[in-house]
Amino acid sequence: RKEVEQDPGPFNVPEGATVAFNCTYSNSASQSFFWYRQDCRKEPKLLMSVYSSGNEDGRFTAQLNRASQYISLLIRDSKLSDSATYLCVVNGAGANNLFFGTGTRLTVIP
Amino acid sequence: DTEVTQTPKHLVMGMTNKKSLKCEQHMGHRAMYWYKQKAKKPPELMFVYSYEKLSINESVPSRFSPECPNSSLLNLHLHALQPEDSALYLCASSQVMTSTDTQYFGPGTRLTVL
């Protein structure tokens, strides 16, 4: 079983739409959770960390459900510039060893 | 400043060549990482250095040899690579090697082995 699983998509949505991504993780002892964004042929860039209480940054909202071991990312009012691959990332317990999901490809269409 | 720099951006090498990838950060981070990323796949951890000492080697073949000359620099020496080693090599750093620290990635070196 993979450490982190996420739907690879692709998700094709019109501008202004709301889109949600989910991922699940297998290690219940995991301590840190992140969403990274990766543009084509570029490096992953931290989008946001994910906290148990949920956190919001502008149009982006991240949620963590420890009991069900899943993480979500909600993007409201999608922009063309949101087109990218979104990587769900979970830190292994006890060490800073990141486990990446396969990424979800989002394309926002005009 | 959350910048990690990597050189070169692109590298083409033959299977008999010896080359090195370089990574630098000036954020005072004491943990540095090498990842390998193939097309349409997530990054895979190769090595982790903590306080200039190798902490994790994810069973990487010996044709890849990491080096951490000081707390700001991380090198990856390449020798006798195979075409299947062609990939994007990403360097990352974090404050320390704990499970809650955010890792910041460099732009990567795109390596092609002929």
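These notes cover the structure that comes with them. Numbers given for residues are sequential positions, taken from 1 along each chain in its written order. For this description, chains carry letters from A and ligands carry numbers from 1, given in the order in which they are written. It should be noted that, the model being predicted, local features are given only for residues of pLDDT at least 70 and side-chain atom pairs only at 80 or more, the latter also being counted only at that level, while totals for whole chains, interfaces and linings use all residues. Water and hydrogen atoms were dropped before computing side-chain values, which therefore reflect all heavy atoms in the structure.

On to the pattern of salt bridges. Any Lys or Arg side-chain nitrogen located within 4 Å of an Asp or Glu carboxyl oxygen qualifies as a salt bridge. All told, the structure shown has seven salt bridges over all chains when counted by the stated rule. Glutamate 56 of chain A is paired through a salt bridge with arginine 76 of chain A; the nearest N and O atoms lie 3.6 Å apart. Highlighted residues: glutamate 56 of chain A in strand E6 (residues 55-57) and arginine 76 of chain A in the loop between strand E8 (70-75) and strand E9 (84-91), separated in sequence by 20 residues. A relative accessible area of 27% places arginine 76 of chain A in the partly exposed class. Of the charged contacts, one joins aspartate 85 of chain B and arginine 63 of chain B as a salt bridge, the two residues approaching to 2.7 Å between their closest N and O atoms. Secondary structure elements are defined from DSSP: runs of H or I of at least 4 residues count as helices, runs of E of at least 2 residues count as strands, and each element is numbered from the N terminus. Each residue is placed in one exposure class: buried if its accessible area under a 1.4 Å probe, protein chains only, is under 20% of its type's maximum, exposed if it is over 50%, and partly exposed if it falls in between.

Taken residue by residue, the interface counts 21 residues in chain A and 22 residues in chain B. Simply put, the buried area is the total loss of 1.4 Å probe accessible area from both parts when two parts are fitted together. Around 1700 Å² of area is buried between chain A and chain B when both sides are counted, 53% of it from carbon and sulfur atoms. Polar contacts here mean pairs of N or O atoms no more than 3.5 Å apart (in protein, one a potential hydrogen donor and the other a potential acceptor; neighbouring residues in sequence count only if both atoms are side-chain atoms). The interface formed by chain A and chain B contains two residue pairs in polar contact (both at pLDDT 80 or more). Contributing elements (two or more residues each) for the side of chain A that touches chain B: strand E4 (33-38), strand E5 (44-49) and strand E10 (98-100) of chain A. Grouping the amino acids of the side of chain A that touches chain B by side-chain chemistry returns seven nonpolar, eleven polar and three charged. Any pair of residues with heavy atoms lying within 4.5 Å of one another is described as a contacting pair. Basically, the charged four are Asp, Glu, Lys and Arg, the nonpolar ten are Ala, Val, Leu, Ile, Met, Phe, Trp, Tyr, Cys and Pro, and anything else, Gly included, counts as polar.

Before going further, it helps to examine the state of the cysteines. What we call a disulfide is simply a covalent bond connecting the sulfur atoms of a pair of cysteines. Pairs of cysteine sulfur atoms within 2.5 Å are identified as disulfides in what follows. Within this structure, the stated rule accounts for two disulfides over all chains. In this model cysteine 23 of chain A forms its disulfide with cysteine 88 of chain A; the gap between the sulfur atoms is 1.8 Å. Of the two residues, cysteine 23 of chain A is situated in strand E3 (residues 19-25) and cysteine 88 of chain A in strand E9; the sequence distance between them amounts to 65 residues. One disulfide bridge connects cysteine 23 of chain B with cysteine 91 of chain B, the sulfur atoms lying 1.9 Å from each other. Measuring the twist about the S-S bond at about -70°, one finds the cysteine 23 of chain B-cysteine 91 of chain B disulfide to be left-handed. Remark: cysteine 91 of chain B occurs in strand E9 (residues 87-94) and cysteine 23 of chain B occurs in strand E3 (residues 18-25); sequence separation between them is 68 residues. What makes cysteine 23 of chain B buried here is its relative accessible area of 1%.

Residue and element names in this part refer to chain A. Any two strands with at least two DSSP bridges between them are considered paired. Taking strand neighbours across the sheet as the criterion, the five strands line up as E1-E3-E8-E7-E6 in an open arrangement whose pairing is antiparallel. Taken across any chain shown, the strands that pair with only one partner, and hence form the sheet edges, are strand E1 (4-6) and E6. Each adjacent strand pair in this sheet contributes to an overall mean axis angle of 20°, direction not counted. Pairing of E3 with E8, which is carried by six bridges, proceeds in the antiparallel orientation. For helices, the axis comes from a line fit to the C-alpha atoms of the stretch in contact; other axes are also lines fit to C-alpha atoms, and the angle between any two N-to-C directions lies between 0 and 180 degrees.

So, about the sheet that holds strand E8 (residues 73-79) of chain B. Residues and elements named next belong to chain B. Pairing is antiparallel across the open sheet formed by four strands, whose spatial order is E1-E3-E8-E7. The open sheet terminates on both sides in strands that have one partner only, identified here as strand E1 (4-7) and strand E7 (64-70). Geometrically, the sheet is characterised by an average inter-axis angle of 20° between neighbouring strands, direction not taken into account. As paired elements, E1 and E3 share four bridges and run antiparallel to each other. Bridging from a neighbouring strand, valine 4 pairs with glutamine 25 of E3.

For the rest of this paragraph, the subject is the side chain of glutamine 38 of chain A. With respect to the helices, strands and loops of the structure, glutamine 38 of chain A is situated in strand E4. Under the relative-accessibility criterion, glutamine 38 of chain A is labelled buried at 9%. Of the polar contacts made by the side chain of glutamine 38 of chain A, one reaches the side chain of glutamine 37 of chain B; its length is 2.8 Å. Setting aside chain neighbours within four positions, we find glutamine 38 of chain A in contact with Glu43, Pro44, Ala84, Thr85 and Leu87 of chain A together with Gln37 and Leu88 of chain B.

A few words on unusual backbone geometry. Of note, the bond from glycine 9 of chain A into proline 10 of chain A is cis; its omega dihedral lies within 30 degrees of zero at 10°. Positive phi, close to 65°, is recorded for arginine 41 of chain A, a residue that is not glycine.

In short, the description is geometric, and any link to function would need to be established separately.
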